[in-house]
Each structure stands twice: as structure tokens, then as C-alpha cells.
Amino acid sequence: MASTTNQTPSSSSSASIPRWEYDVFLSFRGEDTRENFTDHLFTALTERGIHTFRDKENLQRGSEIASQLLKSIEESRFCIVVFSEGYAHSTWCLDELVKITECVKENGQTIIPIFYHVDPSDLRKQTGSFEKAFVNLEKQNKEKAERWKNALKEASNIAGWHLEHG
């Protein structure tokens, strides 16, 4: 995946060419995978020259986190989503996922799901740890919880990698 940063449309073309700041945006639950799987994935991608956004390295200090994360999603060609046991317990992760699914529809980005020690059917059906998370989330904000559920279903229906061990 070569970066396509700084592409601009030619003056004879009426079509706009997307400008990707990042090749990949990594979405993950920090306390579940930051110090293990996601660190290894990030290192492998960057060592291969794939320009990857990860919050720890790319968030600008002093700027508002939410708007910067959402902008980075818009500017990424691919979004790798690492679904883990605690993913749905994080409203940050769920907000990112909603934005990612919107960008897929609007901008043609690609979601690459990784099911890290979770069954993809638990996301689709919202069972297991995902069901437990939504019991509380629906009490807080039913409308937002519905958007989060729909985004989880959409992403879980995409072929990805299911990592049960390691």
C-alpha cells in the first residue's frame, strides 16, 4: 500500500482524487491490545513503509482529541479495526467505528476487521461481551447505541481475520 499523499487532480480532469494523509488508521481498545497485538501490528506496518495512524504517535498535543481522530479517519485509505473483548465498552471506539462505516459509504475507504479473541458472530448478534456493553450503553443514550450496534453489524459482516490464540 503506497501512500497517495499530495495527489491532486489534473486541470483537465473534473473528477476529484482523494488525498490520503495515511495509508491505515488503527482503531482498537487501548487497554485490551495496545501493549501487545496492536504494538506488533503497528510496527510491522510502519517497517514496511505503510504510513499508519495510531493515537499514541499521531495525536497532536494540545488539540481536541475527538475531532483530530475523526479527521484522521477521513484521511486514511484503509481502517484496520481490532475488535477485542472490551471494544464495545469504549464509546471512543464505537464513535470511531461509526465514522469509519460512514467514510466507507461516502469516500470508498476499506475496513479490514481483525477479531482478536472474539467471535465475529458476537458482534453481529451483540452477544457475549458486546451484549453486556450495550446493556449499559442503551441506558445512557439509546439513539447513539443504535448507531453503534448498526456499525458493529456492518463491520462484522466484512471478511477479516479471526485470531483466537496469540
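Relevant structure appears above.
Residues numbered from 1 in each chain as written. Predicted model: local features only at pLDDT ≥ 70, side-chain atom pairs only at ≥ 80, totals over all residues. Heavy atoms only, no water.

Peer 1: How do you make sense of the environment of glutamate 154 when you look at a structure like this?
Peer 2: If you trace the backbone, glutamate 154 turns up in helix α8 (residues 142-156). Sequence spacing of glutamate 154 and leucine 123 is 31 residues, and the spatial spacing of their C-alpha atoms is 9.3 Å. Leave out the neighbours within four places in its chain, and glutamate 154 touches Thr101 and Lys105. (Helix = DSSP H or I, 4+ residues; strand = E, 2+ residues; numbered from the N terminus. Contact = heavy atoms within 4.5 Å.)

Peer 1: Just checking my understanding: could you explain the nonpolar core for this structure?
Peer 2: For soluble globular proteins, the rule of thumb is that nonpolar side chains tend to be buried together. Judged by nonpolar contacts, the single largest core of 29 residues is most densely connected at Phe83, Tyr87, Leu94, Leu97, Phe134 and Leu152. Going through the elements one at a time, β1 (22-28), α4 (65-74), β3 (76-83), α5 (91-107), β4 (110-116), α7 (129-140) and α8 are the ones with two or more residues in this core. Not counting chain neighbours up to four residues away, the residues in contact with phenylalanine 134 comprise Ala88, Leu94, Gln126, Ala145, Trp148, Lys149 and Leu152. Counting residues in each nonpolar core, the second largest holds 14 residues, with Phe28, Ile112, Ile114 and Tyr116 among its members. (Core = buried A, V, L, I, M, F, W, Y, C linked by side-chain atoms within 4.5 Å. Buried < 20%, exposed > 50% of the residue type's maximum accessible area, 1.4 Å probe, protein only.)

Peer 1: Any chance you could explain the pairing of β4 here in plain terms?
Peer 2: Looking along a regular strand, one sees side chains alternate from face to face of the sheet. Most of β4 is tucked away, with 6 of its 7 residues classed as buried. With 6 bridges connecting them, β3 and β4 associate as parallel partners. Counted as the bridge partner of valine 81 is proline 113 from β4. Note that the unit made of β3, α5 and β4 has a crossover that is right-handed. Strand direction decides the pairing type here: β4 and strand β5 (residues 161-163), joined by 3 bridges, are parallel. Its bridge partner being in β5, phenylalanine 115 is matched across the sheet by histidine 162. (Pairing = 2+ DSSP bridges. Right-handed = clockwise from strand over helix to strand, strands pointing away.)

Peer 1: Honestly, the packing of α7 against α8 in this entry has me stumped. Any pointers?
Peer 2: Angle between the axes and distance between the axes: these two values describe a pair of packed helices. Interaxial distance between α7 and α8 falls to 7 Å at its minimum, and their mutual angle equals 150°. The angle between the axes of α7 and α8 places the two elements in the roughly antiparallel class. Of α8, the residues touching α7 (which contributes Phe130, Phe134, Leu137, Glu138 and Gln140) are Lys142, Ala145, Trp148, Lys149 and Leu152. Partitioning the contact of α7 with α8 into residue classes produces 6 nonpolar, 1 polar and 3 charged. (Axes fitted to C-alpha atoms, helices over the stretch in contact; angles between N-to-C directions. Parallel < 35°, antiparallel > 145°, perpendicular 65-115°, else oblique. Nonpolar A, V, L, I, M, F, W, Y, C, P; charged D, E, K, R; others polar.)

Peer 1: I tried to follow the pattern of salt bridges on my own but got confused; where do I start?
Peer 2: Two side chains of opposite charge can pair, provided their charged atoms sit close to one another. Under the defined criterion, the tally for this structure stands at 9 salt bridges. As a salt-bridge pair, glutamate 75 and lysine 71 come within 2.4 Å of each other at their nearest N and O atoms. (Salt bridge = Lys/Arg side-chain N within 4 Å of Asp/Glu carboxyl O.)

Peer 1: Help me out: how do you make sense of the sheet that holds strand β2 (residues 52-53) in this one?
Peer 2: As a general point, the strands of a sheet are linked pairwise by backbone hydrogen bonds and lie either parallel or antiparallel. Judged by pairing direction, the sheet is parallel, and its 5 strands sit side by side in the order β2-β1-β3-β4-β5 without closing on themselves. Strands with a single pairing partner mark the edges of an open sheet, and in this sheet they are β2 and β5. Running over the sheet, helix α2 (residues 37-47) touches β1, β2, β3, β4 and β5 and is turned about 175° from β1. Each of β1, β3 and β4 touches α5; the most contacted strand, β1, lies at about 145° to it.

Peer 1: Help me understand unusual backbone geometry in this model?
Peer 2: Leave glycine aside and you will find that most residues have negative phi; peptide bonds, for their part, are mostly trans. Of note, histidine 117 is a non-glycine position whose phi angle comes to about 60°, a positive value. Among the structural elements, histidine 117 can be located in the loop between β4 and α6 (120-125). A residue is classified by how much of its surface remains accessible, and histidine 117, at 35% relative accessible area, is partly exposed. Of note in the backbone geometry, glutamine 126 takes a positive phi value of approximately 50° without being a glycine. Relative to the elements of secondary structure, glutamine 126 occurs in the loop between α6 and α7.

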